[in-house]
Amino acid sequence: MHDRSERQPERDLDRHLADVRAAPTDLGRLELIVRRPAVDERETLDEARLDPAHGLVGDGWAGRGSHATPDGSADPAAQLTVMSTRVLAAIEPDRERWPLAGDQLYVDLDLGVENLPPGSRLAIGAAIIEVSETPHTGCAKFSARFGSDALRWINSPAGRAGRMRGLNARVVVGGTIRTGDPVSRLSGPS
């Protein structure tokens, strides 16, 4: 899977805003599950288990640690990353490349701050996750994979408000999830 930055000219991604903003607000769908067992490795799954202590079971989240914690251990507020498939479709029409975004859960749901403020809970399959306050932002790898125009778009004021790069979450109730499961907004912040 190749980096995008050298392949295409600048795109008008704002033309996709209406579609991104039309995502369901209360009941969406889990479109893709990706496990990251090691840096730059991706496994697309039909079924996975979410666990309050381990996040997505088999994912390398815990082992990678975090610069956000004092001791460098994994940040529990960033166990999972969730991204909108509408945003991904706008920046990368080739669905085979979507796992390169580096997220674990890809959903058709409005991930915007107004719809899902920190503390909001979502039911996915038998699991419940909680939206973290910690922002999920784009990085150099994202830019290399999807283009600097995509990085600018997701980090624009509209992109940040809509959480176009996605959101961080933690597992509150463990359980099995499957591609195609409904993603239901349970509540606002608790």
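Just so it is clear, the structure is predicted and the values come from calculations on it, not from any experiment.

Novice: Before we go on, may I ask you to explain the pairing of strand β6 (residues 105–108) in this structure?
Specialist: It is a general feature of regular strands that their side chains alternate between the two faces of the sheet. In β6, alternate side chains face the same way, and those of L105 and V107 on one face and Y106 and D108 on the other are all buried. Judged from the four bridges that link them, strand β1 (residues 27–35) and β6 form a sheet pairing that is antiparallel. Note that in β6 the partner of I33 across the bridge is L105. In this view, the connection linking strand β5 (residues 80–84) to its parallel neighbour β6 by way of helix α3 (residues 85–91) has right-handed handedness.

Novice: Sorry if this is basic, but what is going on with the environment of A126 here?
Specialist: Position of A126 among the secondary structure elements: in the loop between β7 (121–124) and β8 (127–135). Taking C-alpha positions, A126 is 9.3 Å from R178, a pair spaced 52 residues apart along the chain.

Novice: Would you explain the environment of R95 in this entry?
Specialist: Along the polypeptide, R95 turns up in the loop between α3 and β6. Each C-alpha atom, one on R95 and one on T85, is 9.3 Å from the other, the two residues being ten residues apart in sequence.

Novice: Teacher, can you tell me more about the packing of aromatic side chains here?
Specialist: Any pair of aromatic rings gets described here by the distance separating the centres and the angle formed by the planes. Scanning the entire structure with this criterion turns up one aromatic pair. Here F142 and F146 contribute two aromatic rings whose centre-to-centre distance is 5.0 Å and whose plane-to-plane angle is 50 degrees, an arrangement assigned as tilted. Highlighted residues: F142 and F146, both in helix α4 (residues 140–146), separated by four residues, approximately one helical turn. The exposure class of F142 is buried, given its relative accessible area of 2%. Of the residues examined, F146 reaches a relative accessible area of 0% and is grouped as buried.

Conventions we followed
- Residues numbered from 1 in each chain as written.
- Predicted model: local features only at pLDDT ≥ 70, side-chain atom pairs only at ≥ 80, totals over all residues.
- Heavy atoms only, no water.
- Buried < 20%, exposed > 50% of the residue type's maximum accessible area, 1.4 Å probe, protein only.
- Helix = DSSP H or I, 4+ residues; strand = E, 2+ residues; numbered from the N terminus.
- Pairing = 2+ DSSP bridges.
- Right-handed = clockwise from strand over helix to strand, strands pointing away.
- Phe/Tyr/Trp six-rings, centres within 6.5 Å; stacked < 30°, edge-to-face > 60°.

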